[in-house]
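Chain and residue survey
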Amino acid sequence: MTGYDPRNSGPFVAGDRVQLTGPKGKLNTITLESGKVFHTHRGILEHDAIIGLPDGSVVTNNVGVEHLALRPLLNDFVMSMPRGAAIIYPKDAAQILALADIFPGASVVEAGVGSGALSLWLLRAIGPTGTLRSFERRDEFADVARSNAATFLGHDPENWTVTVGDLQDTLPSAVEEQSVDRVVLDMLAPWETLDAVTAALKPGGVLLCYIATVTQLSRVAEAIRATGDYTHPQSSETMVRGWHVEGLAVRPDHRMIAHTGFLLTARRLAPGTVLPELKRRPSKSDYSDEDVEAWTPGALGERQSSPKSLRKRMRAAAAGAELSKARGQDAASDQEPTIN
């Protein structure tokens, strides 16, 4: 790796991203630059007043309003970073890391990359010895994802590649057969990629699909079963409900993060293996391939961001990446030995 890795502790320095929490709980994330100021409708806070303070300090602006200053966690960063496409929420990312059993040193394939939120979680989980290959159909989304990763990490990870193109067309030439430990798919029609994914996965490897709708869930589950190359798919969804706890006032929050998507997992069987049939009661609802097509049409619509909105997000992501890389170069030059 080149550049620097963001520190998790220590005094704030120029180039650090800082999350400021105001008196009413409003969050703002800034990148510290000497001589700059942070404007709010309730006063001005100088960056230099934060630089040099330890993480977790309280700073006061020019009219006496206090702000808590903390380094943003990855959870905070992915929720506030520029987006080209919708992100996978942290609650689902955590489940993906667990259900797909992402481990240090793993060889992982991801499609599509979107804005790079899940990519950052996967990179953290596989560590420097692992390999992440991400595939994205749209150039602009890939650019936003690369910029977001560089902003958070301070450099372009050497163990991460982003390939633009359809997974089923590009994966066979990118990896050897039976060389991938885990495959994570976040796409409209994951069933279209099963041939390429099956060839790439090691026996015992995990396929995980993140799916938004019940119709997609049904179609991909039946497509996986039809291959005969996987264990029976398991599906779930994750809901998170916060609680208000203050003295004896203990109750569920009025709002919760409910359905965002389904997670479906299956494991690759050894070639030639015939999976024993599950002993179940006869189904009362037999179906044909035509029924599946009628329920889940092959042509699925895709929501498009407006070109103007996407250009704005790309500029924001690129600016953040340049600031983080510049700080990495400054840190590297500061560490070079001085020759008298």
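Presented here is an overview of the structure given in this document. Given the structure is predicted, the values throughout are model-derived calculations rather than measurements.

Along the protein chain, the regular secondary structure elements total 9 helices and 15 strands. Burial statistics for the protein chain: of 340 residues in total, 41% are counted as buried. Sequence separation of at least 24 residues holds for 66% of the intrachain contacts in the protein chain that already meet a minimum separation of 6.

A general feature of soluble globular proteins is that nonpolar side chains tend to end up buried together. Val78, Ile102, Leu118, Leu120 and Trp160 are the most contacted members of the largest nonpolar core, which has 35 residues in total. Elements with a contribution of two residues or more to this core: α1 (74-80), α2 (90-99), α3 (117-126), α4 (139-153), β9 (160-164) and β11 (201-211). Here this core gets 8 residues from one element, more than from any other, and that element is α3. Aside from chain neighbours lying at most four places away, what touches Trp160 is Val113, Ser119, Leu123, Leu132, Ser134, Ala145, Arg146 and Ala149. With 27 residues, the next largest nonpolar core counts Ala111, Leu185, Ala221 and Leu264 among its residues.

One key point about sheets: their strands pair by backbone hydrogen bonds, in either a parallel or an antiparallel sense. In space, the 4 strands of this open sheet follow the order β2-β1-β6-β5, with antiparallel pairing throughout. The open sheet terminates on both sides in strands that have one partner only, identified here as β2 (27-31) and β5 (57-60). Averaged over all pairs of adjacent strands, the angle between strand axes in this sheet comes to 35°, irrespective of strand direction. Bridge analysis of β5 against strand β6 (residues 66-70) gives 4 bridges, and the strand direction is antiparallel.

Taken as a whole and judged by the stated rule, the model has 1 aromatic pair. Geometrically, the ring pair formed by Phe77 and Phe152 is tilted, given 5.0 Å between the ring centres and 40° between the ring planes. Of the two residues, Phe77 is situated in helix α1 and Phe152 in helix α4; the sequence distance between them amounts to 75 residues. Assigned by exposure class, Phe77 and Phe152 land together as buried. Looking at Arg138, its charged tip hangs above the ring of Phe141, at a distance of 4.3 Å from the centre.

The buried fraction of α3 is high, at 9 of 10 residues. Among all positions in α3, only Ala117, Leu118, Ser119, Leu120, Trp121, Leu122, Leu123, Ala125 and Ile126 are buried. Following α3 by one or two positions, Gly127 adopts a phi angle in the positive range, close to 70°.

A few words now on the environment of Ala199. Along the polypeptide, Ala199 turns up in helix α6 (residues 194-200). The exposure class of Ala199 is partly exposed, given its relative accessible area of 30%. Between the alpha carbons of Ala199 and Pro271 there is a distance of 9.9 Å; along the sequence they are 72 residues apart.

As a further point, take the sheet that holds strand β7 (residues 107-111). Read from one edge to the other, the open sheet built from 7 strands follows the order β9-β8-β7-β10-β11-β15-β12, with strand pairing classed as mixed. Of all the strands in the sheet, just β9 and β12 (234-237) have a single pairing partner and so form its edges. Between one strand and the next, the sheet's axes are offset by a mean angle of 15°, whatever the strand orientation. Judged from the 5 bridges that link them, β7 and strand β8 (residues 131-136) form a sheet pairing that is parallel. What sits directly across from Ser107, in β8, is Thr131. This element, α3, spans β7, β8, β9 and β10 (180-186) of the sheet and lies at about 165° to β8.

The rules behind these values
- Residues numbered from 1 in each chain as written.
- Predicted model: local features only at pLDDT ≥ 70, side-chain atom pairs only at ≥ 80, totals over all residues.
- Heavy atoms only, no water.
- Helix = DSSP H or I, 4+ residues; strand = E, 2+ residues; numbered from the N terminus.
- Buried < 20%, exposed > 50% of the residue type's maximum accessible area, 1.4 Å probe, protein only.
- Contact = heavy atoms within 4.5 Å.
- Core = buried A, V, L, I, M, F, W, Y, C linked by side-chain atoms within 4.5 Å.
- Pairing = 2+ DSSP bridges.
- Axes fitted to C-alpha atoms, helices over the stretch in contact; angles between N-to-C directions.
- Phe/Tyr/Trp six-rings, centres within 6.5 Å; stacked < 30°, edge-to-face > 60°.
- Lys NZ or Arg CZ within 6 Å of the ring centre and 35° of its normal.

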